[in-house]
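Chain residues, written in single-letter form:
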Amino acid sequence: MNARATWFGLLFWVLVAHASPALAHPTSLSQFDAYTGERDLSLGFAFDSIAMVELMGRLYPGTPPMDKAEVAKHGDAMLRYFDKRFAVDNDGRPCHHIAPTRFAYAKERDRVLFDVRFVCDAPLGTVAIHSRLFHDEPAPHPLVGTLRHGRVLEHYFFSPGSPIATIDVPALAPVGGGQNDASRGFRTATPPPGAFDAK
C-alpha cells in the first residue's frame, strides 16, 4: 500500500473513532500545511467553511447569519480567536507570528483559507505546535496538520484529548532512499500529561 493510501485510510478510521453525536456536520474537518524554514514555520490553514460561519455567529451574537464569503471580512476577529487557541514554540521558547498574509473564502474548495508564519529566535529544534482551535465550540471538529520538512511529511491529528504535537525537526529524515518513501504516515498529536487521568 502506498503512503498516500495509508494516510487517507488511517485518517478515515481516526475520524470514525472521534465522531461525536454533538457534531452538527460530522464530516467536518479543518487542515493545515506547515513548511519549515531555518528559523520559521509557515502555515496554510483550510478551515471548514460551515464551522467558520457558525464560529462567526458566536463571535458576533445577535447579528444576521453570515454567508461563507462574508466571513473573510472579519479577519481581526478571527486573529483574536486564533491567538487564544494556537501557538508554536521552539525548544521551549515561544515563536511569534507576523501578520497573516491571507484570510479568504475559496469557493472552489469550499474552505476558508488563512496563512500565517511563525518566526522563532533560533534554528528549529524541538518544535511544539499547540492547537485548541474549535475544541471549545458547541460542535467541535478535528484539525489535521501536515508538516513538510524538505522531502519529509509528518501528519498530525489534533483533538480535545490530543492538542499538542511535538516534533524533533533536526531528527527528521526521509524513510528509505526513494522519493515516494518520504511520507512517515499518520500520528495523533501527543496529549498533555494527565489528559486521560480519571476525574
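Residues numbered from 1 in each chain as written. Predicted model: local features only at pLDDT ≥ 70, side-chain atom pairs only at ≥ 80, totals over all residues. Heavy atoms only, no water.

A.B. asks: Sorry, what's going on with the overall build of the protein chain here?
C.D. replies: Each helix and strand counted, the protein chain has four helices and 12 strands in total. Looking at the protein chain as a whole, 41% of its 199 residues qualify as buried. Restricting to contacts in the protein chain with at least 6 residues of sequence separation, those with at least 24 account for 69%. Here the protein chain has roughly 10500 Å² of accessible surface; of this, 56% comes from carbon and sulfur atoms. (Helix = DSSP H or I, 4+ residues; strand = E, 2+ residues; numbered from the N terminus. Buried < 20%, exposed > 50% of the residue type's maximum accessible area, 1.4 Å probe, protein only. Contact = heavy atoms within 4.5 Å. Areas by Shrake-Rupley, 256 points an atom, 1.4 Å probe, with all protein chains shown as cover.)

A.B. asks: Teacher, can you tell me more about the sheet that holds strand β3 (residues 86–90) here?
C.D. replies: Whenever strands of a sheet pair, they do so through backbone hydrogen bonds, lying parallel or antiparallel. With antiparallel pairing, four strands are arranged side by side in an open sheet as β4-β3-β8-β11. This sheet does not close on itself; its edge strands, each paired only once, are β4 (93–94) and β11 (164–168). Inspection of the sheet shows strand β8 (residues 126–131) paired to β11 by five bridges, in the antiparallel sense. By the bridge assignment, Ala128 is partnered in β11 with Thr166. Across the sheet, helix α4 (residues 75–85) touches β3 and β8, and the angle it forms with β3 is around 50 degrees. (Pairing = 2+ DSSP bridges. Axes fitted to C-alpha atoms, helices over the stretch in contact; angles between N-to-C directions.)

A.B. asks: Sorry if this is basic, but what is going on with the pattern of salt bridges here?
C.D. replies: When charged atoms on two side chains of opposite charge get close, those side chains can pair. Across all of its chains, the model carries seven salt bridges by this definition. Between Glu137 and Arg58 there is a salt bridge, with the nearest N and O atoms lying 2.5 Å from each other. Taken together, the residues Glu137 in the loop between β8 and β9 (143–149) and Arg58 in helix α2 (residues 49–59) connect sequence positions 79 residues apart. A salt bridge links Asp110 to Lys68; the shortest N-O distance between them is 2.9 Å. Here Lys68 lies in helix α3 (residues 68–71) and Asp110 lies in the loop between β6 (102–106) and β7 (111–119), a separation of 42 residues in the sequence. (Salt bridge = Lys/Arg side-chain N within 4 Å of Asp/Glu carboxyl O.)

A.B. asks: What exactly am I supposed to notice about the packing of aromatic side chains here?
C.D. replies: Each aromatic ring pair is described using two quantities: the centre-to-centre distance and the angle formed by the ring planes. Under the defined criterion, the tally for this structure stands at 15 aromatic pairs. Where Phe103 meets Phe114, the ring centres are 5.8 Å apart and the plane angle is 90 degrees; that geometry is what we call edge-to-face. Highlighted residues: Phe103 in strand β6 and Phe114 in strand β7, separated in sequence by 11 residues. Take Phe103: its relative accessible area is 14%, and that puts it in the buried class. Each member of the aromatic cluster is reached from another via a ring pair, and the members are Phe32, Phe45, Phe47, Tyr81, Phe82, Phe86, Phe103, Phe114, Phe118, Phe134 and Phe158. (Phe/Tyr/Trp six-rings, centres within 6.5 Å; stacked < 30°, edge-to-face > 60°.)

A.B. asks: Even after reading the chapter, I still don't get α2, so can you show me in this structure?
C.D. replies: Residue pairs three or four apart in sequence face the same way in an α-helix, which turns once every 3.6 residues. Those residues of α2 lying buried are Ser49, Ala51, Met52, Leu55 and Met56. Considered in projection along α2, the buried side chains sweep an arc of 150 degrees and stay on one side of the axis. Buried-residue contacts for α2 involve β2 (40–48), α3, α4, β6 and β7. (Arc of directions from axis to C-beta.)

A.B. asks: How should I be thinking about α4 in this particular structure?
C.D. replies: Every buried residue of α4 is listed here: Ala77, Met78, Tyr81 and Phe82. Angularly, the buried residues of α4 cover 135 degrees about the axis, an arc narrow enough to put them on a single face. Facing away from the buried side of α4, by more than 90 degrees, are the exposed residues Asp76, Arg80 and Lys84. Elements that come into contact with the buried residues of α4 comprise β2, α2, β3, β5 (96–97), β6 and β7.

A.B. asks: I keep staring at the state of the cysteines and nothing clicks. Help me out?
C.D. replies: In protein structure, a disulfide is the covalent linkage between the sulfur atoms of two cysteines. Under the definition given, this model contains one disulfide. Across the disulfide from Cys95 sits Cys120; the S-S distance is 2.1 Å. Note on the Cys95 and Cys120 pair: the S-S dihedral is about 100 degrees, so by sign convention the disulfide is right-handed. Of the two residues, Cys95 is situated in the loop between β4 and β5 and Cys120 in the loop between β7 and β8; the sequence distance between them amounts to 25 residues. Given a relative accessible area of 7%, Cys95 falls into the buried group. (Disulfide = S-S within 2.5 Å.)

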